[in-house]
Amino acid sequence: MTHISTIRAFQKILTTYKFSEPLSFPEEFAQKRFLKKMELPDSQNASTRKQRCFTDWRDFDESLKLPSLLPGNWYKARLLIHKMCEGFALAPVVFTNGSEASPTYGFNSIESKLMRSRWECTPDCWNLWAITAYETLAIKRATRARFSAVMGHDCKLISLFHKESYRRFREQKNYKFLCFSRMLSYVTYVRDASRFSTVRKNNEKDRPIDLQPLCNMLVQRRVGNGLRNMLKACHGVDLDHLAFKHRELIRNRGKATIDLKNASDSIHLDLVRFLFPKKVFDSIVQSRTYYTEGLDGHYYVTRKVSSMGNGFTFELMTVIIRALGLQFDESFSVFGDDIIIENRFARSLIKDLEAVGFVVNGDKSFIDSPFRESCGGNYHDDFGYIESYDFEYPETIHDCVVISNKAFALRRYPTFDKLSKLLLRAVPRALHGPAFVFDETGGQGYDSPVKLSTTFWSNKPGRNCWDNNIAKNRLRELCYNPDEFYLVTGFVYKPKTASNATRLIRMRKHTGKYFMYLNACRITNDYVDDRGSWQEVSYVSNGQAFFRLKSLLSY
């Protein structure tokens, strides 16, 4: 069932709903956040936003410049970075699910990266890519499989090729690596530039991203994760959990939060050259792309070291800003461009950041203010954590579930309580489930995909009287009272598969699938991103725990 009538009802309600005057600061904040992204899709507006984003990106890069003499704190930051980089090393390869310079059309799994993607590399990155491929067993085996295909699986021709490689390089100490590099060159394509693209940020702006050649991306992730490991080893900063720490730090009245505009595009290549030792800088500059292909088809030489989409941008930005911030405040913390510093040092830090090209976002920076925000958390001294959500135009029944539950979670605000009731009227009663009970401590306990997207929350759920003794016995075994559970309908996404899963695999025949299974430590499906459908499933829930009925029956 597609539930077209429910989807259309949600679309009409959300695009025509008018908020009345807010009764509090938190309600006003939630309303503004709603209005930032809720709009009727318009291809012309989307095209205009995208073109404006490209023009701004190009103009901003052309405006980047570095003064001949930097403020003194940048020299102290340089010493700190050099000391941190003494233990720097490239991290192991990590495959990401992101797109590439050549369109992947959703084929982004590890199997696809190894066997289907077009391996592209810039000339400067070739040596690092060859070393990466040689040291990574999955890529090494995939190289052999691809090379065999290029040679038409002709064993005699392949044997002659390897004999020729051995004859050429046998006098070299690293002849095995050189022979492999020659084979790798037959399956790797030269690409000189990354590709500019955008993603929607809100109704007014798009966010620029720089799609990288796959081989460069894999090397860039090695650099980025190397910087990440370096931060953890030297300063105990774990970027995997720092965002949660930031949401706690904004409780402190003595802290200021600073946000930067276009932070990813603000790091001049010469600033990186100045701050980092040659060994680390060489890895950065060799793995980056020198050119970017714009929306107009022209190639642009960028002054910035990298943009979002590059595999090390986030970690590099964090290291640079942290090294500067620690010159002011020992408790300084930064996650990408989300900065937390004591109020008394904030303006001095801003002055040094602006000296090298960073631009402070005045609308989202708060110094000596009762309100602070960082990493998705919003805190006001008079109200505590402020609950709010992004709302976007619904296209599927799952979108409707998420939007309805967000409005339901915000029903403490009168205008959202009214919106929640209007939305639930458009939902068939059979789809109503119990409202999820969540812990609000930290302000982020509610923000979970499982909690927000399982079923439609309602104060009047249906079908509490359900009869399935097997499932009820399973609930009792799990120490739950079955009488408190409701039988409700939820939705799960069934993506399109790129290839079928199989248990009988051979490494040579199923190279990509073999290493995808090893990475997941189990048999896993090879899916195509953004291609699939939402399907109905039966759940039982008491508002705190959700179980698929099918899982209980097969327990």
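This text follows the structure it describes.
Here the structure is a predicted model, which means the values were calculated and not measured. (Residues numbered from 1 in each chain as written. Predicted model: local features only at pLDDT ≥ 70, side-chain atom pairs only at ≥ 80, totals over all residues. Heavy atoms only, no water.)

(A) Representation of the overall build of the protein. Tallying secondary structure elements over the protein gives 21 helices and 19 strands in all. The globule rule puts the C-alpha radius of gyration for 555 residues at 24 Å, and the 27 Å found for the protein is close to it. Within the protein, buried positions represent 53% of all 555 residues. Within the protein, contacts between residues at least 6 apart in sequence are counted, and of these 74% link residues at least 24 apart. (Helix = DSSP H or I, 4+ residues; strand = E, 2+ residues; numbered from the N terminus. Rg over C-alpha atoms; globule rule 2.2 N^0.38 Å. Buried < 20%, exposed > 50% of the residue type's maximum accessible area, 1.4 Å probe, protein only. Contact = heavy atoms within 4.5 Å.)

(B) View of the sheet that holds strand E14 (residues 384–385). As summarised here, the arrangement of the three strands in space is E12-E13-E14, forming an open sheet in which the pairing is antiparallel. The sheet is open, and its two edges are formed by strand E12 (371–374) and E14, each paired on a single side. Where E12 lies against strand E13 (residues 377–380), four bridges are found, and the strand directions are antiparallel. When the sheet's bridge partners are listed, Arg372 is paired in E13 with Tyr379. (Pairing = 2+ DSSP bridges.)

(C) Focus on the sheet that holds strand E7 (residues 291–293). Read from one edge to the other, the open sheet built from four strands follows the order E4-E3-E7-E8, with strand pairing classed as mixed. With one partner strand each, in any of the chains shown, strand E4 (206–211) and strand E8 (299–301) form the two edges of the open sheet. The average angle at which neighbouring strand axes cross in this sheet is 35°, direction not considered. Of the pairings in the sheet, the one linking strand E3 (residues 193–200) to E4 comprises six bridges and is antiparallel in character. If you follow Val199 over to E4, its bridge partner there is Arg207. Lying on the sheet, helix H3 (residues 43–63) is in contact with E3, E4, E7 and E8; it crosses E4 at an angle near 65°. (Axes fitted to C-alpha atoms, helices over the stretch in contact; angles between N-to-C directions.)

(D) Geometry of the packing of helix H4 (residues 72–84) against helix H14 (residues 313–325). At their nearest, the axes of H4 and H14 sit 8 Å apart, and the two run at 120° to each other. By the angle between their axes, H4 is oblique relative to H14. Considering the relative orientation of H4 and H14, their crossing is right-handed. Within the contact between the two elements, H4 uses Asn73, Trp74, Ala77, Leu80, Ile81 and Met84 and H14 uses Val319, Ile320, Ala323 and Leu324. Per-class residue counts for the contact of H4 with H14 are nine nonpolar, one polar and no charged. (Parallel < 35°, antiparallel > 145°, perpendicular 65-115°, else oblique. Left-handed = near helix turned anticlockwise from the far one by under 90°. Nonpolar A, V, L, I, M, F, W, Y, C, P; charged D, E, K, R; others polar.)

(E) Region of the structure containing the environment of Ala256. Among the structural elements, Ala256 can be located in strand E5 (residues 255–258). What makes Ala256 buried here is its relative accessible area of 0%. On a C-alpha basis, the gap between Ala256 and Glu111 in space is 45 Å, while along the polypeptide they are 145 residues apart. Apart from residues lying up to four places away in sequence, Ala256 is in contact with Ile339, Ile340, Ile341, Glu342, Asn343, Ala346, Phe366 and Ile367.

(F) Spatial organisation of the side chain of Asn225. Structurally, Asn225 can be placed in helix H10 (residues 214–235). Residues in contact with Asn225, not counting those within four places in the same chain, are Ala91, Val94 and Glu315.

(G) Fine view of the nonpolar core. Among the nonpolar cores identified, the biggest contains 53 residues, and Trp74 and Phe276 are the most heavily contacted of them. Residues in contact with Trp74, not counting those within four places in the same chain, are Leu271, Phe274, Leu275, Ile320, Leu324, Asp352, Leu353 and Val356. Counting 39 residues, the second-largest nonpolar core is a separate cluster that includes Ile13, Tyr17, Cys400 and Leu431. (Core = buried A, V, L, I, M, F, W, Y, C linked by side-chain atoms within 4.5 Å.)

(H) Structural context of a nonpolar patch on the surface. On the surface, Tyr290, Tyr291, Tyr299 and Val301 cluster together to form a nonpolar patch covering roughly 410 Å² of accessible area. Turning to its location among the elements, Tyr290 is positioned in the loop between helix H13 (278–287) and E7. (Patch = residues over 30% accessible without salt bridge, like charges linked within 9 Å, V, L, I, M, F, W, Y side chains within 5 Å. Areas by Shrake-Rupley, 256 points an atom, 1.4 Å probe, with all protein chains shown as cover. Salt bridge = Lys/Arg side-chain N within 4 Å of Asp/Glu carboxyl O.)

(I) Representation of the packing of aromatic side chains within the structure. Summed over the entire model, instances satisfying the criterion amount to 35 aromatic pairs. Plain terms: the ring middles of Phe25 and Phe29 are 6.5 Å apart, the flat faces sit at 35° to each other, and that makes the pair tilted. Taken together, the positions of Phe25 and Phe29, both in helix H2 (residues 25–37) and four residues apart, correspond to about one turn of that helix. Taking 5.4 Å as the distance between ring centres and 50° as the angle between the ring planes, the aromatic pair formed by Phe29 and Phe371 counts as tilted. Placement of Phe29 in helix H2 and of Phe371 in strand E12 is noted, with a sequence separation of 342 residues between them. We classify Phe29 as buried; its relative accessible area is 18%. Its relative accessible area of 6% is what places Phe371 among the buried residues. The structure contains a cluster of three or more aromatic residues connected by ring pairs, namely Tyr17, Phe19, Phe34, Phe391, Tyr413 and Phe416. One cation-aromatic arrangement involves Arg182 over Phe161; the distance from NZ or CZ to the ring centre is 4.1 Å. For the cation-ring pair, Arg247 lies above Phe244, with the distance from its terminal atom to the ring centre recorded as 5.1 Å. (Phe/Tyr/Trp six-rings, centres within 6.5 Å; stacked < 30°, edge-to-face > 60°. Lys NZ or Arg CZ within 6 Å of the ring centre and 35° of its normal.)

(J) Here's a closer look at the pattern of salt bridges. Scanning the model with the defined rule gives 33 salt bridges in all. A salt bridge links Glu100 to Lys113, with the shortest nitrogen-to-oxygen separation between them at 2.9 Å. Pair noted here: Glu100 is in the loop between H4 and helix H5 (110–115) and Lys113 is in helix H5, with a separation of 13 residues, a long-range link. A residue is classified by how much of its surface remains accessible, and Glu100, at 3% relative accessible area, is buried. The exposure class of Lys113 is buried, given its relative accessible area of 3%. Measuring nitrogen to oxygen at the nearest pair gives 3.0 Å for the salt bridge that ties Glu248 to Arg251. Several salt bridges converge on common partners, so that one network encompasses Glu39, Arg49, Arg200, Asp206 and Glu392.

All quantities given are derived from atomic positions and should not be read as evidence of function.
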